[in-house]
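Analysis of the macromolecular model
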Amino acid sequence: MSDKFDVIVIGAGPAGYVAAIRAAQLGLKTACVDAFTGKDGKQALGGTCLNVGCIPSKALLDSSRQFWNIAHNFPVHGISVDNPKVDMATFIGRKDKIVKQFTGGIGQLFKANKVTPFFGKGKLLKGNQVEITGNDGEKQTISATNVILASGSVPIELPFAKFDGKAIVDNAGALDFTEVPKRLGVIGAGVIGLELGSVWKRLGAEVTIIEALPEFLAAADADIAKVAAKEFAKQGLDIKLNAKLNKAEVKKDGVHLVYTDKDGEQKLVVDKLLVAVGRRAYTDGLLADDTGVKLDERGRIAVDEHNHTGVDGVWAIGDAVRGPMLAHKGSEEGVAVAEWIAGKAGHINLDTVPWVIYTEPEIAWAGKTEKQLKEEGVPYKVGNFPFAAIGRAVAMNEAVGQVKMIAHADTDRILGVHMVGPGVSELIAECVVAMEFKGSSEDLARIVHAHPTLSEAVHEAALSVDKRAIHKGN
Ligand SMILES: Cc1cc2nc3c(=O)[nH]c(=O)nc-3n(C[C@H](O)[C@H](O)[C@H](O)COP(=O)(O)OP(=O)(O)OC[C@H]3O[C@@H](n4cnc5c(N)ncnc54)[C@H](O)[C@@H]3O)c2cc1C
């Protein structure tokens, strides 16, 4: 086999593996280098997302939700279960099985598409050569006309709360607790903190989330964040805003935390501490000094709007570059770059990337918040519809939250849709389609939505933009 490729991708997360498959589909001779080692010591393709991110967190969220429902939802339906228990080995084992199924699946897809996988750490050298260092220290060099950097991200570590993999953990550690911690501390009320905090809360942990910002879920629309905060408080998640961690010390009886809030210095002892204060682009050892590839002020690989680094034939995608750190954003960049390399018309629109938080209730949005539009001076109108008036949601006993649609005041073009409630991770897709087609709220208002479904909340919110919702006052 020749070691000269058309495309080499470094990183096999959702950005890199998708780029590799699309490049191979387009007839390009493609290799993909990845260093992730699974629990069995073998290569585990799929990056953060499949190994320690999106997929395992959703597996545990679903398992823990079933358990939570027994106590909190079943009785409403007239079903009672005595003394439910969780078997931790099965709980974690199910998640591991799903991870293995999906990481193995990428290997199959590589085979089917004739992508050549390499197991090891890839380093870009001058002239689009890639040096690969295997686990055993063996080195080999391959080269390509184009190299796509997709090295992803890693959790940010706090210097005064360093990960030890036991008491102070990152996302990977919090997906692998062998027993339910009695007291769990979470630093950061972002997506990861809320999702993993929810998992362990549902199984009975006392969860305290410490968040430095004064505002809850600042990236979301304020109306949606308000509903979510109320629901999380009802579930017993103790979220402390405007609270800054100063110290975390591991002692025999737990992790001793010192944090400052509006009332001064506070102390808290927890059994486990999850630090989820954000992620940073991972470029350690990725670039030889003379490649010419630059990093931006936040340590991300600097790229233009076509994900090109400015160095001939070198591109970068996913969490390692600007834009939201979301799997689907990286995958779409991967497809676009492969198409640009093949001389086709690739396309990526960062303005319509949907955000989803898989808590209970779920939170989802796409486009601008009301606050952003106010700041930008854009004239807008708003429609709202509560799930409390949606028959399907009531029948499911999940009639919490709302859909909020924002359209331009003059053109009616949809500028943003924000949701909190049941199934909104799926409902947001319809709104993204409408926004990508430059649709108006009237377009959605005129489309037939099946009854009774949760999607009627989107329909009614669209009607409500024009003050003509049917099942509520306007
Ligand atoms: C707990 C958690 C839950 C999440 N849930 C969601 C979710 O529900 N939805 C969502 O959209 N996003 C979610 N994310 C974010 C998502 O995982 C990331 O946005 C996504 O994985 C980024 O993809 P990527 O391909 O850019 O990088 P990564 O997935 O980080 O993959 C990068 C890969 O490159 C490898 N690598 C790095 N450097 C080298 C090198 N020099 N040589 C060889 N290999 C290298 C790494 O080992 C890794 O395998 C979650 C993240 C976490 C932590």
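For clarity, every value in this text was computed on a predicted model and none was experimentally measured. (Residues numbered from 1 in each chain as written. Predicted model: local features only at pLDDT ≥ 70, side-chain atom pairs only at ≥ 80, totals over all residues. Heavy atoms only, no water.)

This part is about the nonpolar core. Among soluble globular proteins, nonpolar side chains are generally buried collectively. With 35 residues, the main nonpolar core has F91, L184, W200, F216, L217, L274 and I363 as its most contacted residues. The set of elements that each furnish at least two residues to this core consists of α3 (54-72), α4 (88-113), β9 (183-187), α6 (191-202), β10 (206-210), α7 (222-234) and β19 (362-367). The contact partners of F91, leaving out residues within four places of it in the chain, are L60, S63, S64, V86, V199, W200 and L203. Among the nonpolar cores identified, the runner-up in size contains 30 residues, and A366, V403, L454 and A457 belong to it. (Core = buried A, V, L, I, M, F, W, Y, C linked by side-chain atoms within 4.5 Å. Buried < 20%, exposed > 50% of the residue type's maximum accessible area, 1.4 Å probe, protein only. Helix = DSSP H or I, 4+ residues; strand = E, 2+ residues; numbered from the N terminus. Contact = heavy atoms within 4.5 Å.)

Right, let's get into the pairing of strand β13 (residues 254-261). In terms of burial, β13 is a largely internal element, 6 of the 8 residues being buried. Between strand β12 (residues 244-251) and β13, which pair antiparallel in sequence order, lie 2 residues. Pairing of β13 with strand β14 (residues 264-270), which is carried by 7 bridges, proceeds in the antiparallel orientation. Opposite V255, over in β14, you have V270 as the bridge partner. Between β13 and β14, which follow one another and run antiparallel, lie 2 residues. (Pairing = 2+ DSSP bridges.)

A word on the domain arrangement of the protein chain. Frequently, the measure chosen for interface size is the accessible area that the parts lose on association. Along its sequence, the protein chain is organised into domain 1 (4-154 + 280-351), domain 2 (168-277) and domain 3 (361-465). Computed over C-alpha atoms, the centres of domain 1 and domain 3 are 31 Å apart. The partner domain 3 presents 6 residues to the 7 residues of domain 1 that form the contact. Buried area between domain 1 and domain 3, both sides added, is near 450 Å², and the carbon and sulfur share of it is 27%. (Domains from an automatic or database assignment. Buried area = accessible area lost by both parts, 1.4 Å probe.)

Close to the ligand lie 38 residues; D34, T48, K58, G122 and A327 are nearest. Separating a nitrogen atom of the ligand from a backbone N or O atom of A35 is a distance of 3.2 Å. In this structure, L326 approaches the ligand through a main-chain N or O atom, which is 3.3 Å from an oxygen atom. When the ligand sits alone it has 1,000 Å² of accessible area, and the protein chains cover 94% of it. Within the residue set of the shell around the ligand, elements represented by two or more residues are β2 (30-34), α2 (47-52), α3, β4 (121-125) and α8 (327-341). For the shell around the ligand, the element with the highest residue contribution is α2, accounting for 4 residues. Broken down by class, the residue content of the shell around the ligand amounts to 18 nonpolar, 15 polar and 5 charged. (Near = heavy atom within 4 Å. Polar contact = N/O pair within 3.5 Å; in protein donor to acceptor, adjacent residues only side chain to side chain. Areas by Shrake-Rupley, 256 points an atom, 1.4 Å probe, with all protein chains shown as cover. Nonpolar A, V, L, I, M, F, W, Y, C, P; charged D, E, K, R; others polar.)

Spatial strand order, β18-β19-β22-β21-β20: 5 strands in an open sheet with antiparallel pairing. In this open sheet, the two edge strands, each paired with only one partner strand, are β18 (355-357) and β20 (380-386). The sheet shows a mean angle of 10° between the axes of neighbouring strands, taken without regard to direction. Relative to strand β22 (residues 414-421), strand β21 (residues 402-408) runs antiparallel, the two being bridged by 6 bridges. Across the sheet, V403 pairs through a bridge with M419, a residue of β22. Its contacts with the sheet put helix α13 (residues 456-465) on β20, β21 and β22, and the angle it makes with β20 is roughly 140°. (Axes fitted to C-alpha atoms, helices over the stretch in contact; angles between N-to-C directions.)

All right, on to the UniProt feature "binding site: FAD" (unreviewed entry) in the protein chain then. If you check UniProt for "binding site: FAD" (unreviewed entry), the listed places come out as K58, G122, D319, M325, L326, A327 and H328 in our numbering. The named residues occupy 271 residues along the chain; their greatest pairwise C-alpha distance, 29.6 Å, places them well apart from one another. Along the chain, D319 turns up in the loop between β17 (314-316) and α8. Side-chain polar atoms of D319 contact the side chain of S153, separated by 2.7 Å. With sequence-adjacent residues up to four places away left out, L326 is seen in contact with D319, V353, P354 and W355. (UniProt positions renumbered as here; feature names shortened; annotations may be inferred.)

Let us now look at the packing of aromatic side chains. If you walk through the whole model with that rule in mind, you get 5 aromatic pairs. On the basis of an interplanar angle of 65° and a centroid distance of 5.9 Å, the ring pair of F91 and W200 is categorised as edge-to-face. Placement of F91 in helix α4 and of W200 in helix α6 is noted, with a sequence separation of 109 residues between them. By relative accessible area, which is 6% here, F91 ends up buried. (Phe/Tyr/Trp six-rings, centres within 6.5 Å; stacked < 30°, edge-to-face > 60°.)

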